[in-house]
Amino acid sequence: WLLERSTLQVDDGRTRAAATQLNQFHLAGYLDEAVTPFDYLQQVIELLPVSIVAGAKGVYPLPWRLDAIATDAVEALEAGPRFTRESMVEYADADIANEIRIEYSFDAEADEYRSNLAITGDATDGTDPAIFSTVYSRISQSRYGKRSKVITADLVYSTATAAAILKWQARAFGFPSRTVDYSVDLSLGWLERGDVVTLTDPELAFTSQVCMVRAMRWNDRALSLTLTIIEDPIRDAKL
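Residues numbered from 1 in each chain as written. Predicted model: local features only at pLDDT ≥ 70, side-chain atom pairs only at ≥ 80, totals over all residues. Heavy atoms only, no water.

Participant: It is not clear to me how the overall build of the protein should be interpreted in this structure. Could you clarify?
Facilitator: Looking only at helices and strands, the protein has five helices and 13 strands in total. Against the compact-globule benchmark of 18 Å for 239 residues, the protein has a radius of gyration of 20 Å, which places it among compact chains. Out of the 239 residues in the protein, the part that is buried amounts to 43%. Restricting the contact set of the protein to residue pairs at least 6 apart, pairs at least 24 apart contribute 66%. Only carbon and sulfur atoms are counted for the fraction: they give 49% of the accessible area of the protein, which is about 13200 Å². With 23 positive and 35 negative side-chain charges, the protein shows a separation of 5 Å between the mean positions of the two kinds. (Helix = DSSP H or I, 4+ residues; strand = E, 2+ residues; numbered from the N terminus. Rg over C-alpha atoms; globule rule 2.2 N^0.38 Å. Buried < 20%, exposed > 50% of the residue type's maximum accessible area, 1.4 Å probe, protein only. Contact = heavy atoms within 4.5 Å. Areas by Shrake-Rupley, 256 points an atom, 1.4 Å probe, with all protein chains shown as cover. Lys, Arg positive; Asp, Glu negative; His and termini not counted. Charge placed at Lys NZ, Arg CZ, Asp CG, Glu CD.)

What follows is the structure, given as structure tokens:
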């Protein structure tokens, strides 16, 4: 709705496909001052596991495939003469969070949030409905210690949506983000940003590691891919 009202060229097909993956999040709000559609959209993006990217047909939302498994992969990539690593694995752990509280149900008249919900890395007994944990938040805390942050969500009034936001954030930010670059043969030019692939690279001790294509860069003779490693300690323990 917001993208259609912007001056940006929008890839309608990919936008509608992304919507089917994001419709579990129910947002509500209103506009009480002039704002560009894309600036207002930033408030929405912060609450969802999605990025806005540009493609040949325009901009579109790119959902994060946090629950991807090996059978979702469109290609199995294996290090070799036609698939060579260009970088070391880069880590970014500054935003790790495993104890997250969301304040929601904003009351504009009282200028305060009426509800809050928290996910924790501590074990819970279920007696407090405002606090819960997941296996991902507990594993993250056991590895990195307690890492806290608070989210304020003016567009959230649903407890189910507040819980869904906490769950994806604990999964996405509970572990360091890792990326690695490869130079690949032009025959793989059909790959697209957001595609799930598996990566096998003995030098990095990766065997069928689930990854997502984060970026693509072309030159005359090769294609460079940036892969984001989708960490899932439960899935990866079974490899």
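Participant: Which parts of the structure should I look at to understand the pattern of salt bridges?
Facilitator: Where charged atoms from two side chains of opposite charge approach closely, those side chains can pair. In this structure the tally under the stated criterion is 16 salt bridges. Residues Asp232 and Arg171 are paired through a salt bridge, measuring 2.6 Å at the closest nitrogen-oxygen approach. Here Asp232, found in the loop between strand S13 (223-229) and helix H5 (233-236), pairs with Arg171, found in helix H4 (residues 159-173); they are 61 residues apart in sequence, far enough to count as distant. Here the residues in one salt-bridge network are Asp11, Arg14 and Glu192, joined through shared partners. (Salt bridge = Lys/Arg side-chain N within 4 Å of Asp/Glu carboxyl O.)

Participant: Looking at this model, I keep getting lost on the nonpolar core. Mind explaining?
Facilitator: Nonpolar side chains in soluble globular proteins tend to be buried together. By size, the foremost hydrophobic cluster in this structure holds 32 residues, and its most contacted members are Leu47, Ile100, Ile102, Leu117, Val156, Ile165 and Leu166. Those elements that place two or more of their residues in this core are helix H2 (37-45), strand S6 (99-107), strand S7 (112-120) and H4. At seven residues, the largest contribution of residues to this core is made by H4. Setting aside its immediate chain neighbours within four residues, Ile100 contacts Leu117, Ala118, Ile119, Lys149, Ile151, Leu166, Gln169 and Ala170. Of all hydrophobic cores here, the second largest spans 18 residues; its members include Phe83, Val89, Cys211 and Leu227. (Core = buried A, V, L, I, M, F, W, Y, C linked by side-chain atoms within 4.5 Å.)

Participant: Is there a simple way to think about the sheet that holds strand S8 (residues 131-133) in this case?
Facilitator: Within a beta sheet, neighbouring strands are joined by backbone hydrogen bonds and run either parallel or antiparallel to one another. Reading across from one edge, S8-S7-S6-S9 is the order of the four strands in this open sheet, with mixed pairing throughout. On the outer flanks of this sheet lie S8 and strand S9 (148-152), each paired with one strand and no other. Strand after strand, the sheet turns through a mean of 20° between neighbouring axes, direction not considered. Pairing analysis gives seven bridges linking S6 to S7, with the strands arranged antiparallel. (Pairing = 2+ DSSP bridges. Axes fitted to C-alpha atoms, helices over the stretch in contact; angles between N-to-C directions.)

Participant: Explain the packing of aromatic side chains to me, please; I cannot follow it from the model alone.
Facilitator: Aromatic rings considered in pairs are described by the distance between their centres and by the relative angle of their planes. Enumeration over the complete set of coordinates arrives at six aromatic pairs. Aromatic pair Trp64 and Phe173: ring centres 6.3 Å apart, planes at 90°, arrangement edge-to-face. Here Phe173 lies in helix H4 and Trp64 lies in the loop between strand S2 (58-63) and strand S3 (75-78), a separation of 109 residues in the sequence. On the numbers, 5.8 Å between centres and 55° between planes, the contact of Trp168 with Phe173 is tilted. The class of Trp168 is buried, set by a relative accessible area of 8%. The structure contains a cluster of three or more aromatic residues connected by ring pairs, namely Trp64, Trp168 and Phe173. (Phe/Tyr/Trp six-rings, centres within 6.5 Å; stacked < 30°, edge-to-face > 60°.)

Participant: So what exactly am I meant to see when it comes to the environment of His26 here?
Facilitator: Among the structural elements, His26 can be located in the loop between helix H1 (12-22) and H2. Along the primary structure His26 and Thr134 are separated by 108 residues, whereas in three dimensions their C-alpha atoms are 22 Å apart. The contacts of His26, once residues within four sequence positions are left out, are Leu155, Ser158 and Thr161. A polar side-chain atom of His26 sits 3.2 Å from the main-chain carbonyl oxygen of Asn23. (Polar contact = N/O pair within 3.5 Å; in protein donor to acceptor, adjacent residues only side chain to side chain.)

Participant: Just to check I follow, could you spell out a nonpolar patch on the surface for this structure?
Facilitator: A contiguous nonpolar surface patch, about 350 Å² in accessible area, is contributed by Trp1, Leu31 and Val35. Here Val35 shows up in the loop between H1 and H2. A relative accessible area of 38% places Val35 in the partly exposed class. (Patch = residues over 30% accessible without salt bridge, like charges linked within 9 Å, V, L, I, M, F, W, Y side chains within 5 Å.)

Participant: Got a minute to help me understand the environment of Gly121 in this structure?
Facilitator: Note on placement: Gly121 falls in the loop between S7 and S8. Residue classification places Gly121 among the buried residues on the basis of a relative accessible area of 10%.

Participant: For this particular structure, what's the right way to read H4?
Facilitator: Owing to its 3.6 residues per turn, the α-helix aligns residues three or four sequence positions apart on the same side. Across its 15 residues, H4 extends 21 Å between first and last C-alpha, which sits within 8% of the 21 Å expected from 1.5 Å per residue. Among the structural elements, S6, S7, S8, helix H3 (135-144) and S9 are those in contact with the buried residues of H4. Where H4 starts, the residue carrying a side-chain oxygen 3.3 Å from the main-chain nitrogen of Ala160 turns out to be Ser158. (Expected span 1.5 Å × (residues − 1).)

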